[in-house]
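Structural features, examined
Here's the letter readout for the chains.
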Amino acid sequence: MIGPDMRRRRLLRPVVDGLVALAAVLYLTAAMADGDDAPAVAASPTAAAPSAAATPVSSAAAPVSPERAVEERVQRTLDAQSRALLAGDLETYLKPVHSSLREQFTLRFGSLRALGVAAWTARVAERPRAEGNDRWSMIVEIRYCLAAADCAPTSLVLNSTWSVGALPPVIVEFERTVLPWDLTPLQAVSGRRVIVAGPAETAGRLPFFRTAADRAADIADRYARWDPAPKRYVVFVAAPEQWATWWNGTTETIDAYAEGSKGIVVKAAESQDDGLVNLLTHEFAHVLSLGDNGADGRDWWLSEGFAEYVADRDGSWTKNRLPRVRRFVGDGRWDGTVTLAAPPKGTTAADRIARYGIALLTVTCLAGHFGEDKLVAFFTAVIRNRSDPPAASPGTLGADWPGVATACAAEVRSRAA
Ligand SMILES: [Zn+2]
């Protein structure tokens, strides 16, 4: 069964703490009180003018706030940890990690190394918040590249808590994402245009997926019309356990999905007979056309139809979809609307394929009548710039939408006849 889908989930929930300012002031007050203990002040016999006497101490202590001092110490720790990850130095990488998190960080290190992590920066992205007992929470922004250091980096924004006392900073909490390399020990193989990774039980199948993914990348690359194609497409191969857990596993009846620059996921059980190259091409087309902004569920027919269209450059995908479309239309279950919404929950596998097929035929109709350049302009306006088809159509296709929709509906009916 083929039924790719595009889903967007938020990984993270940056926290804004209303008490930050108050906590910071309290901490600052305490720190300045510590500063008053400095012997230089008490020892000065010429303290007739208090402001002058205070000058040497306060000029040394005032420039760096406690938050800033914590931020700088944590940043230095993060920098050292990032360098260790890139150098393959697990011992240094684990140095600032609390013992309770070592297993998790070791897994992350191993999987990222397997994926050929080539760039990794971690930055304190927000002023640290005092949590008491030398604990500070802060948002860390990670930017990373796999396989090629000069990629367009993927960004993650994660919550963390640190113990920052007299000793070097220690990570005591670090938000775990739902990304494969954060949840699963991965093995990986590299192709010309792809990295393919999966858990140990899929290792024997990874070269098979690599061959198909390289072919798919060659087809999809021709549709890198918005940004340059990724240096490498990242493909995660999921056994049933990973299918249920990566990106929270909310996948139901589909066989693959795309998560922008973070990668695509495909079931390990997929075979060439299932149209694997088409399936991978479809997902790569999502990566190219949607980027990391994802689809918001509006105009499902166009975001899916475009991915289907890219995967159909040899016509094999239309052939795959047509029998289901014929049954769907022949049974009178299509009302003639080309702007289909996502299949409702509970839609059978056959009907899902029929709906993907209608989306494919509709986008094929647009490309056939107006050419790919205008199709891309229309896609940009509707999917990326959130315009409605009627508003976007005259300026991009050069035609009013009702006429276009009617003509393409007629074409779908005739091809399904
Ligand atoms: Zn899709």
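Below or above, wherever it landed, is the structure these notes cover. (Residues numbered from 1 in each chain as written. Predicted model: local features only at pLDDT ≥ 70, side-chain atom pairs only at ≥ 80, totals over all residues. Heavy atoms only, no water.)

Helix and strand counts for the protein chain stand at 16 helices and 11 strands. Put simply, the protein chain has 417 residues, and 50% of those count as buried. When contacts within the protein chain are restricted to residue pairs at least 6 apart in sequence, those whose partners lie at least 24 apart make up 67%. Counting every atom, the protein chain has about 18700 Å² of accessible surface; 54% of that belongs to carbon and sulfur. (Helix = DSSP H or I, 4+ residues; strand = E, 2+ residues; numbered from the N terminus. Buried < 20%, exposed > 50% of the residue type's maximum accessible area, 1.4 Å probe, protein only. Contact = heavy atoms within 4.5 Å. Areas by Shrake-Rupley, 256 points an atom, 1.4 Å probe, with all protein chains shown as cover.)

Counting residues in each nonpolar core, the largest one holds 47 residues, and the members touching the most others are Trp-301, Leu-302, Phe-306, Trp-334, Leu-366, Phe-378 and Trp-401. Where this core is concerned, the elements lending two or more residues are α10 (276-290), α11 (300-311), α12 (316-330), α13 (349-370), α14 (372-384) and α16 (401-415). For Trp-401, the residues in contact, after removing those within four places along its chain, are Trp-301, Val-338, Thr-339, Leu-366, Phe-378, Pro-389, Pro-390 and Ser-393. (Core = buried A, V, L, I, M, F, W, Y, C linked by side-chain atoms within 4.5 Å.)

What follows is about the side chain of Gln-81. Tracing the backbone shows Gln-81 in helix α4 (residues 66-87). Aside from chain neighbours lying at most four places away, what touches Gln-81 is Tyr-93, Pro-96, Val-97, Phe-105 and Ile-171.

Our focus in this paragraph is the state of the cysteines. By the definition in use, this model includes two disulfides. Here Cys-145 connects covalently by a disulfide to Cys-151, the sulfurs 2.0 Å from one another. Looking along the S-S bond of the Cys-145-Cys-151 disulfide, the torsion reads about -90 degrees, which is the left-handed sense. For the pair Cys-145 and Cys-151, one class covers both residues: buried. Between the sulfur atoms of Cys-365 and its disulfide mate Cys-408 the distance is 2.1 Å. Handedness here is read from the sign of the S-S torsion; for Cys-365 and Cys-408, about -85 degrees, the answer is left-handed. With a gap of 43 residues between them, Cys-365 in helix α13 and Cys-408 in helix α16 connect regions that are remote in the sequence. For the residue pair Cys-365 and Cys-408, the accessibility class agrees, reading buried in each case. Each disulfide in the protein chain links cysteines that, numbered along the sequence, combine into the pattern 1-2, 3-4. (Disulfide = S-S within 2.5 Å.)

This brings us to the packing of aromatic side chains. Under the criterion given, the structure shown has 21 aromatic pairs. Relative to Phe-105, the ring of Tyr-93 has its centre 6.0 Å away and its plane inclined at 50 degrees; by these criteria the two rings are tilted. Of the two residues, Tyr-93 sits in helix α5 (residues 90-94) while Phe-105 sits in helix α6 (residues 102-114), which places them 12 residues apart along the sequence. Each member of the pair, Tyr-93 as well as Phe-105, carries the same accessibility label: buried. Sitting over the ring of Phe-105, Arg-108 keeps its end group 4.5 Å from the ring centre. (Phe/Tyr/Trp six-rings, centres within 6.5 Å; stacked < 30°, edge-to-face > 60°. Lys NZ or Arg CZ within 6 Å of the ring centre and 35° of its normal.)

Turning our eyes to something else, we now look at unusual backbone geometry. For Asn-133, which is not a glycine, the phi torsion comes out positive at approximately 55 degrees. Within the element layout of this structure, Asn-133 appears in the loop between β3 (129-132) and β4 (135-146). One non-glycine residue, Arg-386, lies in the positive phi region at around 60 degrees. The residue Arg-386 is located in the loop between α14 and α15 (389-396) in this model.

All right, on to the pattern of salt bridges then. Inspection of every chain in the model, using the stated rule, returns 16 salt bridges. In this structure, the salt-bridge partner of Arg-333 is Asp-331, at a minimum N-O distance of 3.4 Å. (Salt bridge = Lys/Arg side-chain N within 4 Å of Asp/Glu carboxyl O.)

Moving on, we get to the pairing of β3. Two elements, β3 and β4, share three bridges in a ladder whose sense is antiparallel. Paired with Gly-132 across the strands is Arg-135, a residue of β4. Counting the residues between successive antiparallel strands, the hairpin from β3 to β4 contains two residues, one of them, Asn-133, with a positive phi of roughly 55 degrees. (Pairing = 2+ DSSP bridges.)

Attention now moves to the coordination of the zinc ion. Binding of the zinc ion to the protein goes through His-282 (NE2), His-286 (NE2) and Glu-304 (OE), at separations of 2.0 to 2.1 Å. Counting along the primary sequence, the residues that act as donors to the zinc ion give the motif H-x3-H-x17-E. One end of the pair, His-282, is in helix α10; the other, Glu-304, is in helix α11, with 22 residues separating them in the sequence. The pair His-282 / Glu-304 is uniform in exposure class, with both members buried. (Donors = N, O, S within 2.8 Å, 3.2 Å for Na, K, Ca; no water.)

The subject of this paragraph is the pairing of strand β5 (residues 154-163). Of all 10 residues that make up β5, seven are buried, and the element is covered over most of its length. Pairing of β4 with β5 involves 10 bridges; the strand directions are antiparallel. When the sheet's bridge partners are listed, Trp-136 is paired in β5 with Trp-162. Examined bridge by bridge, β5 and strand β6 (residues 170-174) share four bridges and lie antiparallel to one another. Bridge pairing in β6 links Trp-162 to Ile-171. Counting the residues that bridge the hairpin from β5 to β6 gives six residues.

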